[in-house]
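# A structural walkthrough
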Amino acid sequence: MNFLMPKDIVNGAMLPRFSGKPVSIIGRVRDLDANGMHFTIESTDGLVVKIIPDTPINSPMRGWIEVSGHSTGTEIEAREFVCFDNEDFDCKGYNELCSLLYLVPNAAS
Amino acid sequence: MSEKLSSGALETIMRGGEYTEPVVQVLSIKKMNSGSGQPEKDRYRIYLSDGQYTVSHAMMTAQIYAKAGPKGLPRFSIIKIIRSMTSVINNTDGRDSRVLLILDLELLKDGDEVGVKIGDPIPYSEAASARPKPSGTGPSTSVQAEVEPVAKRMKLATNGTNGTYDGNTTLGGHITHPISSLSPYHNKWIIKVRVMSKSDIRKWENARGSGQLFSVDLCDESGEIRLTAFGTTVDKYYDVIQVDKVYYISKCQVKPANKQFNTVKNDYEMTMTSDTIVEECLDDDMKNLQIQYNFVDIAKIAEVEPNSTVDVFAIAKSYGEVNSFQAKTTGRELKKREVQLVDKSNATITLTLWGQQAENFNGFDNPVVLLKGARVTEFGGGKNLGTTSSTLMKVNPDMEESFTLKGWFTSAGSSALYNDLSARTAGGGTGSYNTPWLTFKEVIDQQLGSINTASGDYYMVKATVLLIRSENSIYKACPTDGCNKKVVDNNDGTYRCEKCQQDFQNYKFRLLCSMNVGDWSGNQWVSMFSDEAEKVIGMSAQEVGELGERDPDGLSKMMESLNFKEFILKCRAKMETYNDEQRLKTVAVKVDPINYKEYNAYLAKKIRDLIA
Ligand SMILES: [Zn+2]
C-alpha cells in the first residue's frame, strides 16, 4: 500500500465503520512508546487512536500527522506517515469533510 | 451662574489638614521653563484663591497642566483639585516654607467666562501671621504644633504609607513621596516603589576606560521612573533589587530623562549615588500595581463588540502624520494620528491616537506597541482601536515578549499579507460577513452592476490572478496628504496639482492597476487603487514606481511573477455607459490573503445547502 492507493478519509469515530479497510486519518501525536513499537494520536474529533507502525519508529514525532493504513476498528496498522509542521489545524473543517464525503454518494469519485 | 469656591480650604490644606476636592480659582499662572528646551518638562507656578485666602506657592507639572485642556488655565479659571500634596522646602534663610503640589485637577469653568476674581481673598501667610509664626525668635512649641499636621497631610497624600511603622530610623518609618512629585529641585524624599523590570548588567570598555551599568523601572500609584546604577553601585545593588519586590529608595540624583534610551513615562530619571539608600519593604507588596494583561489577537477583534476594551500586543507596521482639524461641536482644534498595528494573527487594525499622544508617538523602526484597555470602535463596517484616559500604552516595553514579537516581524511579519479589520465597506454598512460570495459566472447571470445602480453591487470571490497590466499602472500623484490627484509635469522640475492649485517640487507614486482575475466559472477585469494593488504586488507604490523608472523590463517581469496568485477579493460591480455602450466596471475594493478556514467553512455550508 502507498499513498496513491485508494483509501477513505476518516476521523476517530469512523474507524469501526471502515474496519479492515485502508484509511487515512489526521491527528495530533500524544505519546510514543519507548521502543517505537506504537504511539497514540488524538484525532480531530477528540478520540485517542493507537497507531501500530509496520517498522519501529526511530525518530521523534510531534504535532499534526496524517497516518495511512488499515483500520482494525479501534486502531490503525500504519504504513505511511506525513508530519505537518503547522501548529494550527482546522479540526472542525476536517470533521465536516469526513461527514460530507459519505453523505453525498460518489462525492469523491 | 457662578461657581462656589471652597472657602477656607487652602488654609486647611496649607496647615496640613485634609480637604476633599476643593474648588479654587486661579488668579495667575506662570510657566517656569525647565531650560531643557522640552516644553513637557516645564513647571507651572499658580497663584490660587479659595475666596478667603490666596496661596502663591502652588505648583504643577506640564502633564497636569495639560489636563485643563488645549486652552490651558486662563486667569480666573475655576478648578477642582482632585489630588494634591504639600511639601516642605528648605529656604536659604533657614526657614521652611510649604509648597502645594497639584497632582490632579479638573477644569470646572474657563477663566475667560468667569472674568472676575471671586470674593476678596487675602494672602494665606498674612492670615497665618495672626497665629504664632515659626520665626527665629518664635517659641519652639508652636513650630512643632504646625509641622506635625503637615506631616500627617503628606502621609494621606502619598503612597498609602500609614502610621503603623515602628518609627525607628529606617526609611520604612518615614513619610514617602509619590514618584510624580520627584524633580531635580527637591532632594529630600523617600519613594516606595515596586520594581517593574530590571535590565542585565551592561559593561563597556573604550579608550577612556571601562564601566558598567544596569537600570530598573520603578512604579507607584502616581507613575513610573527609571533608576540607573553605574560603577560600584552596580555591584552593591544588582543582586539586592529584584523584580516585583517593593523597596523604599532615597537619595538618588534626579535629572531630565534621555528619551532616546528611556521609554518610561516620566520626564525625569534617576541615577544612584554613593549616598543612595535602598531598603526592601516587607509589609506591603503593592499588589494593586501588578498589571495583568489579557492580550487578544488582532484577528479576534473582528468578533469583539464595539465599545468593549481589549489588551493588544502588536507591531506598528506603519503610521500616518498628525492631522489637525476642528471639532464640529466645540470648534476646538483636535490632533490625531493613525497607526497600523499588526500581530501574528495576520490581521491589521488602525489605532487612532489623539492630542499629545498623537504628537509624541514615534513609529520609527516598527516599534512594539502594548495597549491595556484600548477601546474597540466600529465605523462603516470596519473595526478600529482608540485610547481613553484609562488606556495604558507602552511603546517598546522592556519585556521578553517584545523581542520575540520584533523577531517575528523582522523575519516574517514585515512581508506578510494582512486582513484589514479597519477596512470600510465603500457602500457603507455591509461588512464582508454579509456580502454574498459569487462566482464570476453568477455575477454575469445575476446581472450584478445593474441592481443597485447608485452605489454598485458588492460581492466576494476567491480569484486567481491571470494577468496584471504593467502599462499605465503607475502615476505621479500630488504629495499633499490625502489628495492623490495625478500631477502635471511642468518640465521645469515642478509638478502641478490642479486640485490643490499648487506647484510642487516632488510627487509621490500611486498605483492604478488593471488585472484580469478568474475562478472556475469565468474571468473578469477589475481595477484596484494603490492600497489594494500594493497588497497584490507585495511592494509599496513608491517601490513599484522606482522599479518602473529604473528598469521597465524588471517591472513587467515582476508583474508576470504575480500570475496564478490567489486572493479573496471584495468587488464592486457597476454598469457604466461609455459612448452609448454599457460596460460593467469592477473595482476590487478589498484584497485579502485567503483565510482557508473561513473559505472552507463557506464551501462546506454551500454543499450542505445543496444536499438539504
Ligand atoms: Zn493635490
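Chain B is annotated in an unreviewed UniProt entry as Replication protein A subunit from Ceutorhynchus assimilis. Quoted verbatim from the Sequence similarities (unreviewed entry) heading of the UniProt record, the comment on chain B is "Belongs to the replication factor A protein 1 family."

If you look chain A up in an unreviewed UniProt entry, it shows as Replication protein A3 from Ceutorhynchus assimilis. The heading Sequence similarities (unreviewed entry) in the UniProt record of chain A holds the text "Belongs to the replication factor A protein 3 family."

Assigned secondary structure in chain A consists of one helix and six strands. Along chain A, from the amino end to the carboxyl end, the secondary structure elements read β-β-β-β-β-β-α. Buried residues in chain A amount to 36% of all 109 residues. Within chain A, residue pairs in contact and separated by at least 24 positions form 54% of the contacts whose partners lie at least 6 positions apart.

On a plain count of helices and strands, chain B comes out with 13 helices and 29 strands. Looking at chain B as a whole, 44% of its 612 residues qualify as buried. Residue pairs at least 24 apart in sequence account for 62% of intrachain contacts in chain B once pairs closer than 6 positions are excluded. About 32300 Å² of surface is accessible on chain B, with carbon and sulfur atoms providing 49% of the total.

What follows is about the interface of chain A and chain B. If you look at the interface, chain A gives eight residues, while chain B gives six residues. Summed over both partners, the interface of chain A with chain B buries about 600 Å², with 58% contributed by carbon and sulfur atoms. Per-residue buried area on chain A facing chain B is highest for Asp-90, Glu-96 and Leu-100 of chain A; these three make up 60% of the total on that side. The tally of links between chain A and chain B comes to one salt bridge. In this structure, the salt-bridge partner of Arg-608 of chain B is Glu-96 of chain A, at a minimum N-O distance of 2.8 Å. Summed over the shared surface of chain A and chain B, the number is two residue pairs in polar contact (both at pLDDT 80 or more). Here the residues of the side of chain A that touches chain B sort into three nonpolar, two polar and three charged.

The next point concerns the sheet that holds strand β23 (residues 488-489) of chain B. All names here are of chain B. Read from one edge to the other, the open sheet built from three strands follows the order β23-β24-β25, with strand pairing classed as antiparallel. Of all strands in the sheet, those with a lone pairing partner are β23 and β25 (502-504), marking the two edges. Pairing of β23 with strand β24 (residues 495-497), which is carried by two bridges, proceeds in the antiparallel orientation. Bridge assignment links Asp-489 to a residue of β24, and that residue is Tyr-495.

Residues and elements named next belong to chain B. The coordination sphere of the zinc ion contains the protein donors Cys-478 (SG), Cys-483 (SG), Cys-497 (SG) and Cys-500 (SG), at a distance range of 2.2 to 2.3 Å. In this structure, the zinc ion is surrounded by four donor atoms whose angles at the metal cover 106 to 112°, and the resulting shape is tetrahedral. In terms of primary sequence, the donors binding the zinc ion are separated according to C-x4-C-x13-C-x2-C. Here Cys-483, found in the loop between β22 (474-477) and β23, pairs with Cys-497, found in strand β24; they are 14 residues apart in sequence, far enough to count as distant. Assigned by exposure class, Cys-483 and Cys-497 land together as buried.

Moving on, we come to the packing of helix α1 (residues 91-103) of chain A against helix α13 (residues 596-611) of chain B. A pair of packed helices is characterised by two quantities: the angle between their axes and the separation of those axes. One way to put it is that α1 of chain A packs onto α13 of chain B with a least axis distance of 11 Å and a crossing angle of 25°. For the element pair α1 of chain A / α13 of chain B, the angle class is roughly parallel. Every pair of crossing elements has a handedness; the one defined by α1 of chain A and α13 of chain B is left-handed. Residue-level contacts link Gly-93, Glu-96, Ser-99, Leu-100 and Leu-103 of chain A of α1 of chain A to Asn-600, Ala-604, Ile-607, Arg-608 and Ile-611 of chain B of α13 of chain B.

Scanning all chains against the criterion turns up 23 salt bridges over all chains. Here Arg-496 of chain B and Asp-503 of chain B are joined by a salt bridge, their closest N and O atoms 3.2 Å apart. Several salt bridges converge on common partners, so that one network encompasses Arg-28, Arg-62 and Glu-87 of chain A.

Turning to helix α12 (residues 552-560) of chain B, a few remarks are in order. All names here are of chain B. Here α12 has its buried residues at Gly-554, Leu-555, Met-558 and Met-559. Here the buried residues of α12 occupy an arc of 135° about the axis, which is enough to place them on one side. Exposed positions of α12 whose direction lies more than 90 degrees from the buried face are Asp-553, Lys-557 and Glu-560. Looking at the buried positions of α12, the neighbouring elements they touch are β21 (457-468), β22, β26 (508-519), α10 (530-537) and α11 (541-550).

Residues and elements named next belong to chain B. Positive phi values are uncommon outside glycine, yet Asn-346 reaches one of about 55°. By the secondary structure assignment, Asn-346 is in the loop between β15 (333-342) and β16 (347-354). On the basis of relative accessibility, which here comes to 35%, the residue Asn-346 falls in the partly exposed class.

Turning our eyes to something else, we now look at the packing of α11 of chain B against α12 of chain B. Residues and elements named next belong to chain B. Packing of α11 against α12 leaves a shortest axis separation of 5 Å and a crossing angle of 130°. Classified by the angle their axes make, α11 and α12 are oblique. Residue-level inspection shows Val-544, Leu-547, Gly-548 and Arg-550 of α11 in contact with α12, the latter providing Pro-552, Gly-554, Leu-555 and Met-558. Residues belonging to the contact of α11 with α12 are distributed by class as follows: five nonpolar, two polar and one charged.

Residues and elements named next belong to chain B. Counting residues in hydrophobic clusters, the biggest one holds 31 residues, and the most contacted among them are Tyr-459, Met-515, Met-528, Ile-537, Met-558, Met-559 and Leu-569. Ranked by residue count, the leading element in this core is β21, at five residues. With residues up to four places along the chain from it excluded, the contact list for Leu-569 reads Tyr-459, Met-460, Val-461, Ala-463, Met-515, Val-517, Lys-590 and Val-591. Grouped together as the second largest cluster of nonpolar side chains are 24 residues, Leu-182, Val-193, Tyr-237 and Ile-241 included.

Attention shifts here to a nonpolar patch on the surface. Where nonpolar side chains cluster on the molecular surface, the patch consists of Leu-103 of chain A together with Ile-607, Leu-610 and Ile-611 of chain B and spans about 370 Å² of accessible area. The leading source of residues in the nonpolar patch is α13 of chain B, at three residues. When you line up the elements, Leu-103 of chain A lands in helix α1. On the accessibility criterion, Leu-103 of chain A (45% relative accessible area) is partly exposed.

Residues and elements named next belong to chain B. Mapped onto the fold, Val-296 is located in the loop between β12 (268-280) and β13 (309-319). A sequence separation of 18 residues divides Val-296 from Ala-314, and the C-alpha atoms of the two residues are 9.9 Å apart. In this structure, Val-296 is in contact with Ile-301, Val-310, Asp-311, Val-312 and Asp-343, ignoring residues within four places of it in sequence.

Attention now moves to the packing of aromatic side chains. Within this structure, the stated rule accounts for 15 aromatic pairs over all chains. Feature note: the residues Trp-64, Phe-89 and Tyr-94 of chain A constitute an aromatic cluster, connected by ring pairs. The ring of Trp-525 of chain B carries Arg-469 of chain B above its face, with NZ or CZ at 4.3 Å from the centroid.

Turning to helix α8 (residues 400-413) of chain B, a few remarks are in order. All names here are of chain B. Spanning 14 residues, α8 covers 18 Å between terminal C-alpha atoms, matching the ideal 20 Å at 1.5 Å per step. Listed as buried for α8 are Ser-402, Leu-405, Trp-408, Phe-409 and Gly-413. For α8, the angular spread of buried residues about the axis comes to 125°, placing them on one side. Away from its buried face, by an angle of more than 90 degrees, α8 presents the exposed residues Glu-400, Phe-403, Thr-410 and Ser-411.

About the criteria used
Residues numbered from 1 in each chain as written. Chains lettered and ligands numbered in written order. Predicted model: local features only at pLDDT ≥ 70, side-chain atom pairs only at ≥ 80, totals over all residues. Heavy atoms only, no water. UniProt positions renumbered as here; feature names shortened; annotations may be inferred. Helix = DSSP H or I, 4+ residues; strand = E, 2+ residues; numbered from the N terminus. Buried < 20%, exposed > 50% of the residue type's maximum accessible area, 1.4 Å probe, protein only. Contact = heavy atoms within 4.5 Å. Areas by Shrake-Rupley, 256 points an atom, 1.4 Å probe, with all protein chains shown as cover. Buried area = accessible area lost by both parts, 1.4 Å probe. Salt bridge = Lys/Arg side-chain N within 4 Å of Asp/Glu carboxyl O. Polar contact = N/O pair within 3.5 Å; in protein donor to acceptor, adjacent residues only side chain to side chain. Nonpolar A, V, L, I, M, F, W, Y, C, P; charged D, E, K, R; others polar. Pairing = 2+ DSSP bridges. Donors = N, O, S within 2.8 Å, 3.2 Å for Na, K, Ca; no water. Tetrahedral: all angles 85-135°; square planar, octahedral: opposite > 155°, others 65-115°. Axes fitted to C-alpha atoms, helices over the stretch in contact; angles between N-to-C directions. Parallel < 35°, antiparallel > 145°, perpendicular 65-115°, else oblique. Left-handed = near helix turned anticlockwise from the far one by under 90°. Arc of directions from axis to C-beta. Core = buried A, V, L, I, M, F, W, Y, C linked by side-chain atoms within 4.5 Å. Patch = residues over 30% accessible without salt bridge, like charges linked within 9 Å, V, L, I, M, F, W, Y side chains within 5 Å. Phe/Tyr/Trp six-rings, centres within 6.5 Å; stacked < 30°, edge-to-face > 60°. Lys NZ or Arg CZ within 6 Å of the ring centre and 35° of its normal. Expected span 1.5 Å × (residues − 1).

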